[in-house]
Amino acid sequence: MSYILNIDTAVVSASVCLAYKDEPLHFLINHSQKDSASWLHIAIGSVIKDAGITFRDLDAIAISSGPGSYTGLRVGMSAAKGLSYALNKPLIAINTLKMMAQAALNEPTDLLCPLIDARRVEVFTAIYDKSLNEIWPPANIILNENTFSEILGLKTVTFFGNGSEKLRTYVNNVNAHIKTIETTAKHLTGLSFRDFQERKFSDLAYSEPFYGKDFYLQNSKPS
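Just so it is clear, the structure is predicted and the values come from calculations on it, not from any experiment.

A closer look at the nonpolar core
(1) Moving on: One finds Ile4, Ile92, Leu97, Ile116, Tyr128, Phe160 and Phe196 to be the most contacted residues of the largest nonpolar core, which totals 27 residues.
(2) Moving on: The set of elements that each furnish at least two residues to this core consists of β4 (60-64), β5 (91-94), α3 (96-103), β6 (111-117), β7 (122-128) and α5 (189-197).
(3) Moving on: Not counting residues within four places of it along the chain, the set of residues in contact with tyrosine 128 comprises Asn95, Leu97, Lys98, Ala101, Leu111, Leu112, Pro114, Asn133, Glu134, Ile135 and Pro138.
(4) Moving on: By size, the runner-up hydrophobic cluster in this structure holds 23 residues, among which are Ala43, Val47, Val75 and Ala80.

Encoded structure:
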C-alpha cells in the first residue's frame, strides 16, 4: 500500500490531503492562515480517521517546502518532520512553485509561471513547461517593465498565484495570461507519489523550508 499524507501551509491557506498512491482520498482546507498551527494537527487526525486507517499505516509524509510565508512554512515543516520522525516514515519535500504548476497543467498556454507575493514589487517565481521541467529555476525577483519580456516574445505563459496581480502594472503582452488558480495539498499528490516511487526522500535531520535568496532585478533568465 502507498498511503501518503500531503501537507501545504506555504501561501494563503493550509490544507491536508490523504492520498492512496496519487489519488486523493480525504481533504481538508483552512483559508485562515493565522490559525494554521492550531488547525493543522486536528485536520491531520481527521483525514486519517475518515480513511479508517491509523498513523502507522502511512507510507510517507509530503510537505510543500517553500517558498512562501515564513510562519506557514515553519508550521508545515515542523508538523511533517515531527510525524516523519515519530512514525519512522520517509519525508518528501516538494517546492511550492512546482506544486502550483501542477495545479495549472490544464491551462492552454505553452508555459506556466506561478508567482508568490513577497511584498512590495517582489515575488517568488519560476517557469515550467507542461512536463513540469524548469524553464526558469525558482528565484526571488523584483518586478519591472522588462520582466519576462524575453520569454513572452517566444511563448504563451499563464501567470497565476497571489503575486500575479502585481504583474498587470508591468506586463502588457498578448502572450501573457493572468489567471486565478487555487492550489492546495491535493496538487501534491501526483508529485509526492512519483517521488515516493523513485525514493526521492529528504534527509530528516537537515530538511528546512526553502525561504529563497536575496531579491534582484529581473531582465532575463535567472541565474
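Details of a nonpolar patch on the surface
(1) Moving on: A cluster of nonpolar side chains, contributed by Met1, Tyr20 and Leu25, occupies part of the molecular surface with about 310 Å² of accessible area.
(2) Moving on: On the secondary structure map, tyrosine 20 appears in strand β2 (residues 14-20).
(3) Moving on: Tyrosine 20 gets classed as partly exposed once you look at its relative accessible area, which sits at 30%.

Structural notes on the sheet that holds β5
Each strand in a sheet pairs with its neighbour through backbone hydrogen bonds, running either in the same direction (parallel) or in the opposite one (antiparallel).
(1) Moving on: The sheet built from five strands is open, its strands ordered β3-β2-β1-β4-β5 with mixed pairing. Each edge of the sheet is formed by a strand with only one pairing partner; in this case those strands are β3 (23-30) and β5. Pairwise comparison of adjacent strand axes, ignoring direction, gives a mean angle of 15° for this sheet.
(2) Moving on: Note: strand β1 (residues 3-8) against β2, six bridges, orientation antiparallel. The partner of leucine 5 across the bridge, within β2, is leucine 18.

Topic: the side chain of threonine 147
(1) Moving on: When you line up the elements, threonine 147 lands in the loop between β8 (134-142) and α4 (149-152).
(2) Moving on: Polar contacts involving the side chain of threonine 147 include one to the main-chain amide nitrogen of asparagine 144, which spans 2.7 Å.

Concerning the pattern of salt bridges
(1) Moving on: Across all of its chains, the model carries six salt bridges by this definition.
(2) Moving on: Arginine 74 is paired through a salt bridge with glutamate 208; the nearest N and O atoms lie 3.0 Å apart. In this pair, arginine 74 sits in helix α2 (residues 70-87) while glutamate 208 sits in the loop between α5 and β11 (216-217), placing the two residues 134 residues apart along the sequence.
(3) Moving on: Given the relative accessible area of 48%, glutamate 208 is considered partly exposed.
(4) Moving on: Among the ionic pairs, lysine 200 bridges to glutamate 198, the shortest N-O distance being 3.0 Å.
(5) Moving on: A residue is classified by how much of its surface remains accessible, and lysine 200, at 48% relative accessible area, is partly exposed.
(6) Moving on: Among the residues examined, glutamate 198 registers a relative accessible area of 43% and is labelled partly exposed.

Looking at α3
(1) Moving on: Burial analysis of α3 places six of its eight residues in the buried class, which makes it a mostly covered element.
(2) Moving on: For α3, the full list of buried residues reads Thr96, Leu97, Met99, Met100, Ala101 and Ala103.
(3) Moving on: Where α3 starts, the residue carrying a side-chain oxygen 2.8 Å from the main-chain nitrogen of leucine 97 turns out to be asparagine 95.

Here is what the cut-offs are and how they apply
- Residues numbered from 1 in each chain as written.
- Predicted model: local features only at pLDDT ≥ 70, side-chain atom pairs only at ≥ 80, totals over all residues.
- Heavy atoms only, no water.
- Core = buried A, V, L, I, M, F, W, Y, C linked by side-chain atoms within 4.5 Å.
- Buried < 20%, exposed > 50% of the residue type's maximum accessible area, 1.4 Å probe, protein only.
- Helix = DSSP H or I, 4+ residues; strand = E, 2+ residues; numbered from the N terminus.
- Contact = heavy atoms within 4.5 Å.
- Patch = residues over 30% accessible without salt bridge, like charges linked within 9 Å, V, L, I, M, F, W, Y side chains within 5 Å.
- Areas by Shrake-Rupley, 256 points an atom, 1.4 Å probe, with all protein chains shown as cover.
- Salt bridge = Lys/Arg side-chain N within 4 Å of Asp/Glu carboxyl O.
- Pairing = 2+ DSSP bridges.
- Axes fitted to C-alpha atoms, helices over the stretch in contact; angles between N-to-C directions.
- Polar contact = N/O pair within 3.5 Å; in protein donor to acceptor, adjacent residues only side chain to side chain.

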